[in-house]
Amino acid sequence: MTEEAATIDHAGVLAWIRRYAAVIEEHRVELVRLDTAIGDGDHGTNMDRGMKKVLEKLDGSEGDDIGATLKAVGMTLVSSVGGAAGPLYGTLFLQMGTATAGSSTLDVGALADALDAGVKGVQARGKAEPGDKTMVDALLPAVAALREAQADGGVGPAAAAERAAAAAEEGMKATIPMEARKGRASYLGPRSVGHQDPGATSSYLLLRSAGEAFATA
Ligand code: ADP
Ligand code: MG
């Protein structure tokens, strides 16, 4: 087994985005099912349409500026995905892009900084706090796990992303007993209890895709 590299490069980030698009396609029906239970049933189709547009956009992109690529992803999502998730995921990627502007490689600390900035953007835009039953409930534990990996030292990006995915998965499952306080699901009040949040699920998939892509990048 070769030792894991300490950084991921632009190709690693591209592999992450492409992997996420494939994983969203695979999970489209599940995300629709989750959103049908507590929303309007469009989350899987929204995300799949957006990520397919992102793939088209990436095909024509050049250079090795990770920030520029993440910003392009964000802009594509904002302009092609409706509903709440488009602008929120768009903001996540735009802020990650701003945090990584001009970088051609990212170490675990830079990854943590990027996701941290992205989640802060999501919270600034959507005003969701932990416990509101949203994507934030999966993303915040992922940031904490990346910070821990950074503090531990000697943890490469793939292993750190796997830790972040495990934390996001726990956060996703923890949305099941929550009552939604943001987004469409909040209209259901107590009837939103007992269902896993679709956005927290797609956010867990984002981290899982990173772990998978970085492991082979
Ligand atoms: P819509 O609710 O407009 O149909 P989607 O179905 O694509 O949009 O996305 C729903 C997901 O968006 C929810 O499961 C939740 O995770 C997330 N979401 C909704 N509102 C907010 C918010 N204010 N802050 C953070 N996430 C939110
Ligand atoms: Mg919806």
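Source: prediction; values computed, not measured.

> What's the story with the coordination of the magnesium ion (ligand 2) in this structure? I'm lost.
Coordination angles at a metal have ideal targets, namely 109.5 degrees for four tetrahedral donors and 90 or 180 degrees for six octahedral donors. Around the magnesium ion (ligand 2), the protein contributes the donor atoms Asp-35 (OD), Asp-40 (OD) and Asp-42 (OD), at 2.0 to 2.2 Å from the metal centre. In the primary structure, the donors to the magnesium ion (ligand 2) are separated according to the pattern D-x4-D-x1-D.

> Can you walk me through the site of ligand 1 in this structure?
Around ligand 1 lies a shell of 20 residues, among which His-43, Ala-84, Gly-126, Asp-197 and Gly-199 are the nearest. Between Ala-84 and ligand 1, the recorded distance is 2.8 Å, taken from a backbone N or O atom to an oxygen atom. Measuring from an oxygen atom of ligand 1, one finds a side-chain N or O atom of Asp-197 at 2.5 Å. Burial of ligand 1 by the protein chains amounts to 93% of its free accessible area of 560 Å². Elements with a contribution of two residues or more to the shell around ligand 1: helix 3 (43–59), helix 5 (85–99) and helix 9 (198–216). The residue makeup of the shell around ligand 1, split by class, is seven nonpolar, seven polar and six charged.

> Sorry, what's going on with the packing of helix 5 against helix 9 here?
Orientation of helix 5 relative to helix 9, taken along the N-to-C sense of each, is 30 degrees, at an axis distance of 12 Å. By the criterion of interaxial angle, the relationship of helix 5 to helix 9 is roughly parallel. Relative to helix 9, helix 5 is oriented so that their crossing is right-handed. The residues of helix 9 that touch helix 5, namely those facing Tyr-89, Leu-92 and Phe-93, are Gly-199, Ser-202, Ser-203 and Leu-206. In terms of residue class, the contact of helix 5 with helix 9 is built from four nonpolar, three polar and no charged.

> It is not clear to me how the packing of aromatic side chains should be interpreted in this structure. Could you clarify?
Each aromatic ring pair is characterised by the separation of its centres together with the angle its planes make. Summed over the entire model, instances satisfying the criterion amount to two aromatic pairs. On the basis of an interplanar angle of 45 degrees and a centroid distance of 6.4 Å, the ring pair of Trp-16 and Phe-93 is categorised as tilted. You can see Trp-16 sitting in helix 1 (residues 10–26) and its partner Phe-93 sitting in helix 5, a full 77 residues away along the chain. When sorted by exposure, Trp-16 lands in the same class as Phe-93, which is buried. Relative to Phe-214, the ring of Trp-16 lies with its centre 5.8 Å away and its plane at 75 degrees, an arrangement referred to as edge-to-face. Of this pair, Trp-16 sits in helix 1 while Phe-214 sits in helix 9, and the two are 198 residues apart along the sequence. Trp-16 gets classed as buried once you look at its relative accessible area, which sits at 6%. Chaining the aromatic ring pairs together yields one cluster made of Trp-16, Phe-93 and Phe-214.

What counts, and at which threshold
Along each chain, the written sequence defines residue order, and numbers are assigned to residues from 1. Chain labels run from A onward and ligand labels from 1 onward, assigned in the order the entries are written. Residue-level local features of this predicted model are given only where pLDDT is at least 70; pairs of side-chain atoms are given and counted only at 80 or more, and the full residue set underlies all totals for whole chains, interfaces and linings. Just so you know, side-chain values use all the structure's heavy atoms and leave hydrogens and water out. Metal-coordinating donors are taken as N, O and S atoms lying within 2.8 Å of the metal, or within 3.2 Å when the metal is Na, K or Ca; because water is left out, some sites can appear incomplete. The near set for a molecule or strand comprises every residue that places at least one heavy atom within 4 Å of it. Whenever two N or O atoms come within 3.5 Å, that pair is a polar contact, provided that in protein one can donate a hydrogen and the other can accept it, and provided that, for residues adjacent in sequence, both atoms are side-chain atoms. Note that accessible areas follow from Shrake-Rupley with a 1.4 Å probe, and for residues the cover is restricted to the protein chains shown. Every helix listed is a DSSP run of H or I at least four residues long, and every strand listed is a run of E at least two residues long, numbered separately from the N terminus. Amino acids are sorted into nonpolar (Ala, Val, Leu, Ile, Met, Phe, Trp, Tyr, Cys and Pro), charged (Asp, Glu, Lys and Arg) and polar (every other residue, Gly among them). Axis lines are fitted through C-alpha atoms, for helices just across the contact stretch, and the angle between N-to-C directions can take any value from 0 to 180 degrees. For classification, angles of less than 35 degrees are called roughly parallel, those exceeding 145 degrees roughly antiparallel, those between 65 and 115 degrees roughly perpendicular, and all remaining angles oblique. Two helices cross in a left-handed way if the nearer one is turned anticlockwise from the farther one by less than a right angle. They cross in a right-handed way if the turn is clockwise. Note on contacts: a residue pair qualifies if any of its non-hydrogen atoms lie within 4.5 Å across the two residues. Between the rings of Phe, Tyr and Trp (Trp by its six-membered ring), a pair exists once the centres lie within 6.5 Å; its type follows the angle of the planes, with under 30 degrees stacked, over 60 edge-to-face, and the other angles tilted. Three labels apply to residues, based on accessible area from a 1.4 Å probe with only protein chains included: buried if under 20% of the type maximum, exposed if over 50%, partly exposed otherwise in between.

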